[in-house]
Amino acid sequence: MKTLSNILIAILFMNAAFTQAQTSQQKTIEVNSSLGTLKQINAGLLNVGYTEAGPSNGTPVILLHGWPYDIHSYNEVVPILVAKGYHVFTPYLRGFGTTTFLSKDTFRNGQQAALASDIIAFMDALKIDKAVIGGFDWGARTAVVMSALWPERVKGLVSVSGYLVVNLEANLKPLPPTAELGWWYQYYFATERGKQGYTQNTYDFNKLIWKIASPLWNFDKATYDQTAQSFDNPDHVAIVIHNYRWRQSLEAGEAKYDNLEKRLAAKPEIKVPTITIGSDFDGAFADGKAYANKFTGKYEHRILKGIGHNVPQEDPKAFAQAIIDVANLK
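Presented here is a report on the structure given in the accompanying data block.

Conventions and cut-offs
Residues numbered from 1 in each chain as written. Predicted model: local features only at pLDDT ≥ 70, side-chain atom pairs only at ≥ 80, totals over all residues. Heavy atoms only, no water. Axes fitted to C-alpha atoms, helices over the stretch in contact; angles between N-to-C directions. Helix = DSSP H or I, 4+ residues; strand = E, 2+ residues; numbered from the N terminus. Parallel < 35°, antiparallel > 145°, perpendicular 65-115°, else oblique. Left-handed = near helix turned anticlockwise from the far one by under 90°. Contact = heavy atoms within 4.5 Å. Nonpolar A, V, L, I, M, F, W, Y, C, P; charged D, E, K, R; others polar. Core = buried A, V, L, I, M, F, W, Y, C linked by side-chain atoms within 4.5 Å. Buried < 20%, exposed > 50% of the residue type's maximum accessible area, 1.4 Å probe, protein only. Salt bridge = Lys/Arg side-chain N within 4 Å of Asp/Glu carboxyl O.

**With respect to the packing of helix α9 (residues 202–213) against helix α10 (residues 221–228)**
Then comes step 1: Taken N-terminus to C-terminus, the directions of α9 and α10 make an angle of 120 degrees; their axes are 11 Å apart at the nearest point. In terms of axis orientation, α9 runs oblique to α10. Once α9 is placed against α10, the crossing between them reads as right-handed. When α9 is examined against α10, the residues T202, Y203, N206, K207 and W210 are found in contact with a partner set consisting of K221, T223, Y224, D225, T227 and A228.
Then comes step 2: Considered class by class, the residues forming the contact of α9 with α10 number four nonpolar, four polar and three charged.

Structure below.
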């Protein structure tokens, strides 16, 4: 019994040390005041870092960022929504900013069902029954997956680039060379060289992605640096690498998400009120016609010309208006 007690004490000590190490990392993050107050909450597998702004009795809005971005994509969106009376939350996704795992033993999983489950757990922790969900890149995919699997939790959806649900079988099929070229970094991440390269050059790598994805956006160093601090998260590289390797079926997900992924593989329709946004980043798919039939509820599609991938930061007024409009879509 004494040996067992010693083991239990050792485990508790290790978990406490892990939590303390994670917390010390969180203190390095500085958040733009326009986003509201930075907070932390235990939700599911994570201790989620998030900002909160606006009246507590306002309609909840959850804004989700992508890679390689963070909550600062919403610096100018949040004040617009708060002025209209919305209660706005901007959480860091797993692997970003001050969001950390509660256990050092949890698999660092970047698959779509895991990220969507994180946000449902986040809503549960904050006792948010239903919210307007908006996002781009990974954030848009997460928002669409939530709308497909848990439509009762989504009052309205704003998705940049439309229906982004990953279908692993379809992803195995090659694209035309010009399209394959655009996904060069996914093939890079598939190699050990790519993993090491991203680990060693995260700052410069992600800055290059910003430039490629938004060639007309003349962001300055201060703007990029504000977001780049989020990449110092201890799990960032692991989550990013797994996300892209999983998409190519090079690494497995977790069995506990198999049923959710099976439902997503069936390409479910989205029935919640939705506004999709196409931009220059989407090229020929900017008109939204390729995925319009996947949205069978109240639906609108908008096209932003001269705007790259980071829509909420490049055109905050248009993104905020989409959030406002989808909440009242008729």
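**Remarks on the nonpolar core**
Then comes step 1: Core analysis: the largest hydrophobic core is formed by 91 residues, its most contacted members being I62, L63, W67, L81, M146 and F319.
Then comes step 2: Counting residues per element, this core draws most heavily on helix α3 (residues 112–125), which supplies nine residues.
Then comes step 3: Ignoring anything within four residues of it in the chain, the contact list for I62 reads F89, P91, I119, F122, M123, I128, A131, V132, I133 and G134.

**Quick word on the environment of N218**
Then comes step 1: Position of N218 relative to the elements: it lies in the loop between α9 and α10.
Then comes step 2: A relative accessible area of 73% means that N218 is categorised as exposed.
Then comes step 3: For the pair formed by N218 and E314, sequence separation is 96 residues and the distance between their alpha carbons is 9.4 Å.

**Structural notes on the pattern of salt bridges**
Then comes step 1: This model, assessed by the stated rule, comprises nine salt bridges.
Then comes step 2: Where E52 meets K39, a salt bridge forms, and the shortest distance between an N and an O atom there is 2.7 Å. Of the two residues, E52 sits in strand β2 (residues 46–53) while K39 sits in strand β1 (residues 37–43), which places them 13 residues apart along the sequence.
Then comes step 3: For K39, a relative accessible area of 32% translates into the label partly exposed.
Then comes step 4: For E300, the salt bridge goes to R302, with nearest N and O atoms at 3.0 Å.
Then comes step 5: Classification of E300 as partly exposed rests on a relative accessible area of 33%.

None of this, on its own, says anything about what the molecule does.
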